Amino acid sequence: MKNILNKFKINNYTYLFLIICALCGYIKNITVIFVICLIHELGHVFFINLFKYKIISIELLPFGGFTTIDKRINTNINKDIIIAFGGIFFQLILMLVVYLFKNDFNVITYNIIIKYNIILLVFNFIPIIPLDGNNILHLILEKIFSYHLSYYINFIISIISLIIFVVINYIYSFDNYFIISFLIYKSVMYIKNYKYIKKRFLLERYLYDFKYRKIENNTQNINSLKKEVLHYFKENNKYIKEQEKIKKLFSQNNI
């Protein structure tokens, strides 16, 4: 437990946000939001530890958190989906506990907890990078399409969702500029880092033996590789394992 606590850090913007809210008299509101975000991240942490992945850091932001994990890209998709749902699952448990003990809260506090819990739940389900809704969508896409194609489909859906989110906020209340800026930054970094992530994805498949759920022959190109699938390429009337194909590409510097 002590090791987990050492992983937590509070973003500088969070400190600023807390001070501004305190000065404006929203101490109870921001405290509730902060506790909900903490419980949400603990949900991810619980399942990350359950699957024995290593946690690098847990950063608390004004509107949520961001847990960085040291794990391979080619891990079990179902496990990753469970981790992505972990925060939402813990929030639902929190709502149930608060409801069962609602007589122990005054009406205002109870309504604040339920209100912000629902808001954060809905917000996290939006398929915008790097929210849980987007992570879940991306993982589902990886079950259907190649890693390369699912990455770009996910990005397109995220951008469309982000545009809709900005328009709605502009029409009704454009006071989420920090959240919007953060989402735009994460989206830019997502696509900017793809070249590095793709190399890491391929290098993992060359270096390690993963458990594959099926085999596909006559793969057309390197961008056709799917997670949890072992691929064979047809070259010169014979099949070669994907590791050989990846090795050739790296040696020719064609990745």
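Residues numbered from 1 in each chain as written. Predicted model: local features only at pLDDT ≥ 70, side-chain atom pairs only at ≥ 80, totals over all residues. Heavy atoms only, no water.

Q: Could you clarify how one ought to interpret the packing of aromatic side chains in this entry?
A: Where two aromatic rings form a pair, the distance of their centres and the angle of their planes describe that pair. Considering all chains together, one arrives at 15 aromatic pairs under this definition. Taking the centre distance of 6.4 Å and the plane angle of 65 degrees together, the rings of Tyr151 and Tyr152 count as edge-to-face. Residue Tyr151 is classed as buried on the basis of its relative accessible area of 2%. An aromatic cluster is built from Tyr147, Tyr151, Tyr152, Phe155, Tyr190, Tyr194 and Phe201, whose rings are joined through pairwise contacts. Looking at Lys71, its charged tip hangs above the ring of Tyr53, at a distance of 5.6 Å from the centre. (Phe/Tyr/Trp six-rings, centres within 6.5 Å; stacked < 30°, edge-to-face > 60°. Buried < 20%, exposed > 50% of the residue type's maximum accessible area, 1.4 Å probe, protein only. Lys NZ or Arg CZ within 6 Å of the ring centre and 35° of its normal.)

Q: It is not clear to me how the sheet that holds strand E5 (residues 229-235) should be interpreted in this structure. Could you clarify?
A: Strands belonging to one sheet form pairs held by backbone hydrogen bonds; the direction of such a pair is parallel or antiparallel. One open sheet holds the three strands; their spatial order is E4-E5-E6, and the pairing between them is mixed. Sheet topology places strand E4 (214-219) and strand E6 (238-241) at the edges, where each strand pairs with a single neighbour. This sheet shows a mean twist of 30 degrees between the axes of neighbouring strands, independent of strand direction. (Pairing = 2+ DSSP bridges. Helix = DSSP H or I, 4+ residues; strand = E, 2+ residues; numbered from the N terminus. Axes fitted to C-alpha atoms, helices over the stretch in contact; angles between N-to-C directions.)

Q: Before we go on, may I ask you to explain empty space enclosed by the protein in this structure?
A: Over the atoms rolls a probe the size of a water molecule, and in doing so it shows where empty space is left. A complete count under the given rule lists two cavities of 30 Å³ or more for this structure. In this structure, the largest cavity encloses a volume near 50 Å³. Around the largest cavity, the lining residues are Tyr147, His148, Tyr194, Lys198, Phe201, Leu202, Ile222, Asn223 and Leu225. Looking at the lining of the largest cavity element by element, the count peaks at four residues for helix H9 (residues 194-207). Residue classes in the lining of the largest cavity are distributed as six nonpolar, two polar and one charged. Together, Cys37, His40, Phe63, Gly64, Gln91, Leu120 and Asn124 line the second largest cavity. Mapped onto the lining of the second largest cavity, the elements with two or more residues apiece are helix H3 (27-50) and helix H5 (107-125). Tallied by class, residues from the lining of the second largest cavity come to three nonpolar, four polar and no charged. (1 Å grid on protein atoms, 1.4 Å probe; cavity = no way out; pocket = protein on both sides within 12 Å on 5 of 7 lines; lining within 4 Å. Points joined across faces, edges and corners; volume = space filled by probe spheres on them. Nonpolar A, V, L, I, M, F, W, Y, C, P; charged D, E, K, R; others polar.)

Q: Which parts of the structure should I look at to understand helix H8 (residues 177-192)?
A: Residues spaced three or four apart along an α-helix point in a common direction, a consequence of the helix completing one turn every 3.6 residues. The terminal C-alpha atoms of H8, which comprises 16 residues, lie 22 Å apart, in line with the 22 Å expected from a rise of 1.5 Å per residue. Listed as buried for H8 are Ile179, Ile180, Phe182, Leu183, Ser187 and Tyr190. Down the axis of H8, the buried side of the element spans an arc of 160 degrees, and every buried residue falls inside it. Away from the buried face of H8 by more than 90 degrees, exposed residues Tyr177 and Lys192 are located. (Expected span 1.5 Å × (residues − 1). Arc of directions from axis to C-beta.)

Q: When you look at the side chain of Gln91 in this model, what are you seeing that I'm missing?
A: Assignment of secondary structure puts Gln91 in helix H4 (residues 77-100). Sequence-distant contacts of Gln91, defined by excluding residues within four places in its chain, comprise Ile36, His40, Asn117, Leu120, Leu121 and Asn124. (Contact = heavy atoms within 4.5 Å.)

Q: Is there a simple way to explain the sheet that holds strand E1 (residues 8-10) in this structure?
A: Overall, mixed pairing links the three strands, which are arranged E1-E2-E3 in an open sheet. Every other strand in the sheet has two partners, leaving E1 and strand E3 (64-70) as the edge strands with one partner each. Ignoring which end each strand starts from, the neighbouring axes of this sheet average 20 degrees apart. Here strand E2 (residues 54-61) runs beside E3; their pairing, made up of seven bridges, is antiparallel. Bridged to Ile55 within E3 is Ile69. H3 contacts E1, E2 and E3 of the sheet and is inclined by roughly 170 degrees relative to E2.

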